[in-house]
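# Commentary on secondary and tertiary structure
Residues per chain, in single letters:
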Amino acid sequence: MIKCDVKICGTVSRAAEMRTNKNGESYMAFAMSVTIPAKSGNGKLIDISVSSNGDERDLASFVVGKRVEISGMLTFKKRGENIYFNLSASSANFTGVSGEDSIKGIMLFRGKTGKSIDERQDKKGKSYIQFSGFTTEKVNDSFEYLWVRFFSFTDKREGWLQPQTAIEVKGDLDLSVYNDKLNVSCKITEMSEYVKPQYNPNN
């Protein structure tokens with residue numbers, strides 16, 4: 001599970017239209033494009049599918065090419081080599097929107113650590129911990145794995161933090177591009193071992 005409480009500055013790339021969900025409720029859908037900055041080479045343009053409360057009167061505000069700042073909950077889907085972005089919007093702002101694209105917010109992650117936990121030091125000798133973690137989604141008869149690179153700037157490593165351990169993490173989301181490949185990272189502010197609740201048939 002990965003959910004990110006974010007604020008996104010970008011450009012409307014698909015005009016808004018009204019749709020109906022499986023419960024027969026109407027909502028507004030559009031897309032926005034955002035350029036993710038590159039650590040090496042050129043940035044990468046991504047499209048984010050947005051769903052929002054609204055009605056026919058709101059459609060005219062979301063025209064292609066218009067700058068917009070959207071707050072809401074961002075989720076990810078991995079399909080093959082591609083990552084797809086879906087945003088459930090809570091608010092939209094068109095006034096004084098920055099000309100610079102950005103995605104800023106807090107990641108909530110539940111998954112497993114990878115094969116190694118690395119304890120390192122930066123150029124100033126400050127200790128930090130780096131590792132990768134993944135979430136799993138079953139798609140038809142196979143599984144998709146979405147990897148996140150984590151950084152914990154602390155000199156204390158909890159004893160439970162081991163490879164292939166279930167964890168819950170809260171931290172600052174960081175999206176970047178390296179050699180045209182999108183990287184999802186998180187600077188940890190809170191972390192704990194995840195223990196799956198025991199099944200209780202009486203609940």
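This text goes with the structure placed above it.
Residues numbered from 1 in each chain as written. Predicted model: local features only at pLDDT ≥ 70, side-chain atom pairs only at ≥ 80, totals over all residues. Heavy atoms only, no water.

Here we come to the overall build of the protein. For the protein, the helix and strand inventory stands at zero helices and 11 strands. In the protein, once contacts between residues fewer than 6 apart in sequence are set aside, the share between residues at least 24 apart is 61%. Of the roughly 12500 Å² of accessible surface on the protein, a fraction of 44% belongs to carbon and sulfur atoms. Side chains of the protein give 29 positive and 25 negative charges; the mean places of these two sets differ by 3 Å. (Helix = DSSP H or I, 4+ residues; strand = E, 2+ residues; numbered from the N terminus. Contact = heavy atoms within 4.5 Å. Areas by Shrake-Rupley, 256 points an atom, 1.4 Å probe, with all protein chains shown as cover. Lys, Arg positive; Asp, Glu negative; His and termini not counted. Charge placed at Lys NZ, Arg CZ, Asp CG, Glu CD.)

Moving on: the environment of Q121. Mapped onto the secondary structure, Q121 falls in strand 7 (residues 102-121). In this structure, the C-alpha to C-alpha distance between Q121 and E100, residues 21 residues apart in sequence, is 32 Å. Apart from the residues lying within four places of it in its own chain, the contact partners of Q121 are K126, S127 and Y128.

Ranked by size, the top nonpolar core spans 43 residues in total, and within it I48, L74, I103 and M107 carry the most contacts. Examining the composition of this core, we find that six residues originate from one element, strand 1 (residues 2-20), more than from any other. Non-local contacts of I103, meaning those with residues more than four positions away in its chain, are made with V6, K7, I8, V34, I36, I46, I48, L74, L173 and L175. (Core = buried A, V, L, I, M, F, W, Y, C linked by side-chain atoms within 4.5 Å. Buried < 20%, exposed > 50% of the residue type's maximum accessible area, 1.4 Å probe, protein only.)

Take the pairing of strand 9 (residues 142-152) next. Sheet topology places strand 8 (residues 127-139) next to strand 9; 11 bridges connect them, and they run antiparallel. The partner of T135 across the bridge, within strand 9, is L146. In sequence, strand 8 turns back onto strand 9 through a hairpin of two residues, with N140 there showing a positive phi of about 55°. Bridge count between strand 9 and strand 11 (residues 181-193): three bridges; the pairing is parallel. When the bridges of strand 11 are listed, R149 appears paired with S185. (Pairing = 2+ DSSP bridges.)

Looking now at a nonpolar patch on the surface. Side chains of M1, I106 and L108 sit close together on the surface and give an oily, nonpolar patch of about 210 Å² of accessible area. Take I106: it is sitting in strand 7. What makes I106 partly exposed here is its relative accessible area of 30%. (Patch = residues over 30% accessible without salt bridge, like charges linked within 9 Å, V, L, I, M, F, W, Y side chains within 5 Å. Salt bridge = Lys/Arg side-chain N within 4 Å of Asp/Glu carboxyl O.)

This part is about the side chain of S102. Tracing the backbone shows S102 in strand 7. Owing to a relative accessible area of 19%, S102 belongs among the buried residues under this scheme. Sequence-distant contacts of S102, defined by excluding residues within four places in its chain, comprise K7, I8, C9 and V34.

Each regular strand displays side chains that alternate between the two surfaces of the sheet. Counting buried positions over the 11 residues of strand 2 (residues 26-36) gives eight, a clear majority of the element. Pairing analysis gives seven bridges linking strand 1 to strand 2, with the strands arranged antiparallel. Bridge pairing in strand 2 links E17 to A29. What sits between strand 1 and strand 2 in their antiparallel hairpin is a turn of five residues, with G24 showing a positive phi close to 80°. Bridging between strand 2 and strand 4 (residues 44-52) involves nine bridges; their strand directions are antiparallel. Looking at the pairing, S33 lines up with D47 of strand 4.

Right, let's get into the packing of aromatic side chains. A complete count under the given rule lists eight aromatic pairs for this structure. Look at F109 and F150: their rings are 4.9 Å apart centre to centre, the planes differ by 70°, and that puts the pair in the edge-to-face class. Residue F109 is found in strand 7, and its partner F150 is found in strand 9; the two are separated by 41 residues along the sequence. We note that F109, like F150, is buried. On the basis of an interplanar angle of 25° and a centroid distance of 5.3 Å, the ring pair of F131 and F150 is categorised as stacked. Of this pair, F131 sits in strand 8 while F150 sits in strand 9, placing them 19 residues apart in sequence. For F131, a relative accessible area of 2% puts it in the buried group. An aromatic cluster is built from F30, F62 and F94, whose rings are joined through pairwise contacts. In this arrangement the basic side chain of K66 is found over the ring face of F94, its NZ or CZ atom lying 4.6 Å from the centre. (Phe/Tyr/Trp six-rings, centres within 6.5 Å; stacked < 30°, edge-to-face > 60°. Lys NZ or Arg CZ within 6 Å of the ring centre and 35° of its normal.)

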